[in-house]
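Residue-level structural notes
So the chains spell out like this:
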Amino acid sequence: MPGLLRGVARTAVVAGTATAVSNRVSRRQAGRWAEQDAQQAPPQQAYESQPVYQTPPPAAAPGDDMSSKIAQLKDLGELKSQGVLTEAEFEAQKARLLAS
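Basis of the calculations
- Residues numbered from 1 in each chain as written.
- Predicted model: local features only at pLDDT ≥ 70, side-chain atom pairs only at ≥ 80, totals over all residues.
- Heavy atoms only, no water.
- Salt bridge = Lys/Arg side-chain N within 4 Å of Asp/Glu carboxyl O.
- Buried < 20%, exposed > 50% of the residue type's maximum accessible area, 1.4 Å probe, protein only.
- Helix = DSSP H or I, 4+ residues; strand = E, 2+ residues; numbered from the N terminus.
- Core = buried A, V, L, I, M, F, W, Y, C linked by side-chain atoms within 4.5 Å.
- Contact = heavy atoms within 4.5 Å.
- Patch = residues over 30% accessible without salt bridge, like charges linked within 9 Å, V, L, I, M, F, W, Y side chains within 5 Å.
- Areas by Shrake-Rupley, 256 points an atom, 1.4 Å probe, with all protein chains shown as cover.
- Lys, Arg positive; Asp, Glu negative; His and termini not counted.
- Charge placed at Lys NZ, Arg CZ, Asp CG, Glu CD.
- Axes fitted to C-alpha atoms, helices over the stretch in contact; angles between N-to-C directions.
- Parallel < 35°, antiparallel > 145°, perpendicular 65-115°, else oblique.
- Nonpolar A, V, L, I, M, F, W, Y, C, P; charged D, E, K, R; others polar.

Here the focus is the pattern of salt bridges. Across all of its chains, the model carries two salt bridges by this definition. E87 is the partner of K80 in a salt bridge, and the nearest nitrogen-oxygen pair spans 2.9 Å. Given a relative accessible area of 31%, K80 falls into the partly exposed group. For E87, a relative accessible area of 42% puts it in the partly exposed group. Between K94 and E91 there is a salt bridge, with the nearest N and O atoms lying 3.5 Å from each other. Of this pair, K94 and E91 are both found in helix α3 (residues 87-99), three residues apart, which corresponds to roughly one turn of the helix. By relative accessible area, K94 is classed as partly exposed at 28%.

Here it is as structure tokens:
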């Protein structure tokens, strides 16, 4: 009986040691792969939200042309300050508005 108990104990020690070593090797290998992936992958870029477009205001009467353009420029400025329009979009819209 002592020989059987000694054999079971030895098997348990060997199996426990093998499991511990295997787990450590797996963790180290996973860490190495993660480092390689981080070095090879391009940096993540934040996704910009889709621009929100508003419908243009209705056409104004001929006498209100200048005040209408001023109001539209103010609206464009507000959209830019809110971050809805980028600087380039703002300039393009402003040029289109002033050209009309």
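This part covers the nonpolar core. Core analysis: the biggest nonpolar cluster contains five residues, these being L76, L79, L85, F90 and L97. Listing elements by their share of this core, those giving two or more residues are α2 (65-81) and α3. Look past the residues within four positions of L97 in its chain and what remains in contact with it is K69, Q72, L73 and L76.

Another aspect to go through is a positive patch on the surface. Taken together, R24, R27, R28 and R32 make up a surface patch of like positive charges. Relative to the helices and strands, R32 is located in helix α1 (residues 2-40). Exposure remark for R32: the relative accessible area of 43% places this residue in the partly exposed category.

It is worth spelling out the packing of α2 against α3 at this point. Relative orientation of the contacting elements α2 and α3 amounts to 175 degrees, with a least axis distance of 10 Å. Considering their axes alone, α2 and α3 lie roughly antiparallel with respect to each other. Contacts from K69, Q72, L73, L76, G77 and K80 of α2 reach α3 at E87, F90, Q93, K94, L97 and L98. Considered class by class, the residues forming the contact of α2 with α3 number five nonpolar, three polar and four charged.

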